[in-house]
Amino acid sequence: MRPARKTVVPAPRDLTALAGKELGASAAQVVTQEQVNLFAGVTGDHQWIHVDVERARSGPFGSTIVHGFFTLALVPLLLADILEVESYSMGVNYGLDRVRFVKPLPPGTPIQGVATLVSADPLKDADGVQAKASVVVEFAETGETCCAAEILFRYYA
């Protein structure tokens, strides 16, 4: 497991100097089967590979697996544990450029995020920065990639 490491900047404009640099690694997180079941309820995705523990034992993965979109939904949480902007008025997720679900995540398996700031540019129409980070969700114990995403986000001064 990588040690947790956070990058802290005073203001959004300070992100521009970090483009191309690794920002750090999050603390380990664990998704439970109960959370998977709740996600299934919210999204209506009750596929047996996610929610039927007994049937999934004899399925292709040997257990239930976390929904790929649930894993993706954890990316902003993991990134918030890696990057802190101390002073800003508002932050928003702006979108995604690339997402891959590389390896299924069984519930109960520790994961952590590792982020690199790809770019950070001043906004043209407001006082703030639009940034892109490459976030890799790794299996904490092996470092293998579970999910990889390029997330776009904005911080307003």
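Bear in mind the structure is a predicted one, so any value in this text is a computation, not a measurement.

If you tally the helices and strands in the chain, you get 5 helices and 8 strands. When the helices and strands of the chain are placed in sequence order, the string is β-β-β-α-α-α-α-α-β-β-β-β-β. C-alpha extents for the chain along the principal axes are approximately 55 × 30 × 20 Å. Looking at the chain as a whole, 39% of its 157 residues qualify as buried. Within the chain, contacts between residues at least 6 apart in sequence are counted, and of these 68% link residues at least 24 apart. Looking at the chain as shown, the accessible area adds up to about 8,200 Å², and 52% of this sits on carbon and sulfur atoms. Counting 13 positive and 17 negative side-chain charges, the chain places the averaged centre of each group 5 Å from the other.

In globular proteins that are soluble, nonpolar side chains generally tend to be buried together. Of all hydrophobic cores here, the largest spans 34 residues; its most connected members are Leu-15, Leu-79, Leu-117 and Phe-153. When residues of this core are traced back to their parent elements, those giving at least two are α1 (33-43), α4 (68-73), α5 (75-82), β4 (83-85), β6 (110-122), β7 (128-139) and β8 (145-156). With sequence-adjacent residues up to four places away left out, Leu-79 is seen in contact with Ala-115, Ala-133, Val-135, Ile-151 and Phe-153.

Next up on the list: α5. Restricting attention to buried positions, one finds in α5 the residues Val-75, Leu-78, Leu-79 and Ile-82. The arc that holds the buried residues of α5, viewed along the axis, is 100°, so those residues lie on one side.

Right, let's get into the packing of aromatic side chains. One pass over the full model with this rule turns up 4 aromatic pairs. Here the aromatic rings of Phe-39 and Phe-70 are separated by 4.9 Å at their centres, their planes lie at 10°, and the arrangement is stacked. With Phe-39 in helix α1 and Phe-70 in helix α4, this residue pair connects regions lying 31 residues apart in the sequence. The residues Phe-39 and Phe-70 share a single accessibility class, namely buried. For the pair Tyr-88 and Tyr-155, a centre-to-centre distance of 4.7 Å together with 75° between the ring planes defines the contact as edge-to-face. On the criterion of sequence distance, the pair formed by Tyr-88 in the loop between β4 and β5 (90-101) and Tyr-155 in strand β8 is long-range, its members being 67 residues apart. Relative accessible area serves as the criterion here: at 40%, Tyr-88 is assigned to the partly exposed category. Note on Tyr-155: relative accessible area 13%, which makes it buried. Grouping aromatic residues by their ring pairs yields a cluster made of Tyr-88, Phe-153 and Tyr-155.

Reading guide: rules and limits
Each chain has its residues counted from 1, running along the sequence as written. Restriction of local features to residues with pLDDT of at least 70 applies here, the model being predicted, together with a cutoff of 80 or more for giving and counting side-chain atom pairs; totals for whole chains, interfaces and linings are based on all residues. The basis for every side-chain value is the complete set of non-hydrogen atoms in the structure, without hydrogens or water. Numbering of helices and strands starts at the N terminus; helices are DSSP runs of H or I of at least 4 residues and strands are runs of E of at least 2. Throughout, exposure labels follow a simple rule: accessible area from a 1.4 Å probe, protein chains only, divided by the maximum for the residue type, with under 20% read as buried, over 50% as exposed, and the rest as partly exposed. Here, two residues are considered to be in contact whenever any of their heavy atoms come within 4.5 Å of each other. Each accessible area value is a Shrake-Rupley result obtained with a 1.4 Å probe; residue values ignore everything except the protein chains displayed when judging cover. Here Asp and Glu are counted as negative and Lys and Arg as positive; His is not counted, and neither are the chain ends. Charge positions come from single atoms, namely NZ of Lys, CZ of Arg, CG of Asp or CD of Glu. Buried residues of nine kinds, namely Ala, Val, Leu, Ile, Met, Phe, Trp, Tyr and Cys, make up a nonpolar core once their side-chain atoms join them within 4.5 Å. Taken from the helix axis, the directions to the C-beta atoms give the arc we talk about. Side-chain rings of Phe, Tyr and Trp, where Trp is taken by its six-membered ring, are said to pair if the distance between their centres is within 6.5 Å; with planes under 30 degrees apart they count as stacked, over 60 as edge-to-face, and otherwise as tilted.

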